[in-house]
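Fold and contact review
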Amino acid sequence: MKARRAWLWMSLGAAAFGLQLGLGRESVLVERVFSRGLFVAFRWVWDYTLGLSPVPLLDVFLAAVAIGLGRWIVRRLRGAARASDALRKKPVRRFLFAALAWAGKLVFFFYILWGFNYNRVGVARQMGLETTPLSAVELAAEAGWAGRQASEARASIPGATAAILSDASLPGRLESSLRGDLAAVLKRAGYPAPGRVRVRTFFPGGWMMRFSSTGIYIPFFGEGYTAGNLLAYEKPFTMAHEMAHGFGITNEGEANFLAFLACRASGWPIVRYSGYAGYWEYAAGELARASRDDFRVLWAALPEGMQGDLRAAQANAARYRGALERVSSRVYAQYLKSQGIAEGLMSYSRFVGLVAAWKKKSG
């Protein structure tokens, strides 16, 4: 029975993965049937049932796993003293079948709950944006614009000085404010924005950053998480990025783009600053790879306070770099490629081209 169940779930998981590959990128069928149909229904049902939990569902899951694993170990230790050699082999087979069944379930429900959104119509096509590779001159112009906008927003933050911004600068209802701004952006772009996607803070945040991540969206829980040790100016943009994933935007660069538009539309200057500073980091990062001299000129033009924020964020991230972070980055790059995103981690950089195209179109 366990063997048949394991093969059933493995077959369902393989079928879901094969269907995802077969449907192809930018599928109108997926957009209509799944992204604007099944996924919308899931969001509404989930967000107004389990999504109302005051406790992060990831914390509940980790606690349940710890308790279940502890009980399993105790039972195995007690049973091992009494079991014969023949009986000891059965738990091993049961464990293997259970592992195969769970692997199949994870793949199957990943696509049913969220993963088919990888095939939906992309932001550039949906919004009619024409993206093109940017030259060093264009990158410098983009980063310069972002730096000016970020400086203006930072200067508008009440009580802001040249010192690093603290959490006291953040609005009290940051999550709900971002959700409203992002939902408005999605609707203007022609996308549905169902439910009330949650983005929680994960503690200890350093463990998340050791896995090369400042945030993550987990489809099985229907909510996103940001690292608890992010700096204040990083939090709004990161939260909006994970929230975009929750609304069914899978591409990393597109999630960055929509998060930027949401932050830019905010009435809170620190949220606007977070969006513009996030865009500056991406545009300036690409410029640094194209022309170090132009990057140095760009950096020198930033005000002292913004330079301090950026240096502090770099130092904070550097604390968690290591073998685990490098392995995690490679694994995630391969995962993105397996979902049809050929550029892997470079898909984050699509952000700059989308903003440049959006600026050109909107004037």
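Anyway, here's the lowdown on the structure attached to this text. (Residues numbered from 1 in each chain as written. Predicted model: local features only at pLDDT ≥ 70, side-chain atom pairs only at ≥ 80, totals over all residues. Heavy atoms only, no water.)

**What to know about the pattern of salt bridges**
Should their charged atoms come close, side chains of opposite charge can pair. If you walk through the whole model with that rule in mind, you get twelve salt bridges. Notably, a salt bridge pairs K359 with E142, separated by 3.2 Å at the nearest N-O pair. Taken together, the residues span a long stretch of sequence, with K359 in helix α15 (residues 350–362) and E142 in helix α6 (residues 136–155) at a distance of 217 residues. Judged by relative accessible area, E142 falls into the buried class, the value being 10%. In this structure, a network of salt bridges that share partners links the residues E31, R36 and R120. (Salt bridge = Lys/Arg side-chain N within 4 Å of Asp/Glu carboxyl O. Helix = DSSP H or I, 4+ residues; strand = E, 2+ residues; numbered from the N terminus. Buried < 20%, exposed > 50% of the residue type's maximum accessible area, 1.4 Å probe, protein only.)

**Here we look at the pairing of strand β2 (residues 215–218)**
Pairing geometry for β2 and strand β3 (residues 223–227), over four bridges, is antiparallel. Bridging across to β3, I218 finds its partner in E223. (Pairing = 2+ DSSP bridges.)

**Details of helix α9 (residues 235–246)**
Between its first and last C-alpha atoms α9 spans 16 Å; for twelve residues at 1.5 Å apiece the expected length is 16 Å, and the two agree. Where burial is concerned, most of α9 is hidden: twelve out of the twelve residues are buried. When we look at burial in α9, the residues that qualify are K235, P236, F237, T238, M239, A240, H241, E242, M243, A244, H245 and G246. Once α9 finishes, G248 follows within two positions and takes phi at roughly 100°, a positive value. (Expected span 1.5 Å × (residues − 1).)

**Describing the side chain of E252**
By secondary structure assignment, the location of E252 is in helix α10 (residues 252–264). Here E252 is buried and forms no salt bridge, its nearest opposite-charge partner R25 lying at an N-O distance of 11 Å. Polar contacts involving the side chain of E252 include one to the side chain of H241, which spans 2.9 Å. (Lys, Arg positive; Asp, Glu negative; His and termini not counted. Polar contact = N/O pair within 3.5 Å; in protein donor to acceptor, adjacent residues only side chain to side chain.)

**Quick word on a nonpolar patch on the surface**
Together, L69, W72, I73, L77, F95 and L96 make up a nonpolar patch on the protein surface, roughly 620 Å² of accessible area in all. Residue contributions to the nonpolar patch peak at four residues, all from helix α3 (residues 57–80). Assignment of secondary structure puts L96 in helix α4 (residues 85–113). (Patch = residues over 30% accessible without salt bridge, like charges linked within 9 Å, V, L, I, M, F, W, Y side chains within 5 Å. Areas by Shrake-Rupley, 256 points an atom, 1.4 Å probe, with all protein chains shown as cover.)

**Observations regarding the packing of aromatic side chains**
Taken as a whole and judged by the stated rule, the model has 28 aromatic pairs. Three or more aromatic residues joined by ring pairs form one cluster here, namely F17, F34, F39, F42, W46, F110, Y111, W114, F116, Y118 and Y217. Directly above the aromatic system of W102 lies the positively charged group of K105, at a separation of 4.7 Å from the ring centroid. (Phe/Tyr/Trp six-rings, centres within 6.5 Å; stacked < 30°, edge-to-face > 60°. Lys NZ or Arg CZ within 6 Å of the ring centre and 35° of its normal.)

The values reported here are purely geometric and, on their own, carry no functional implication.
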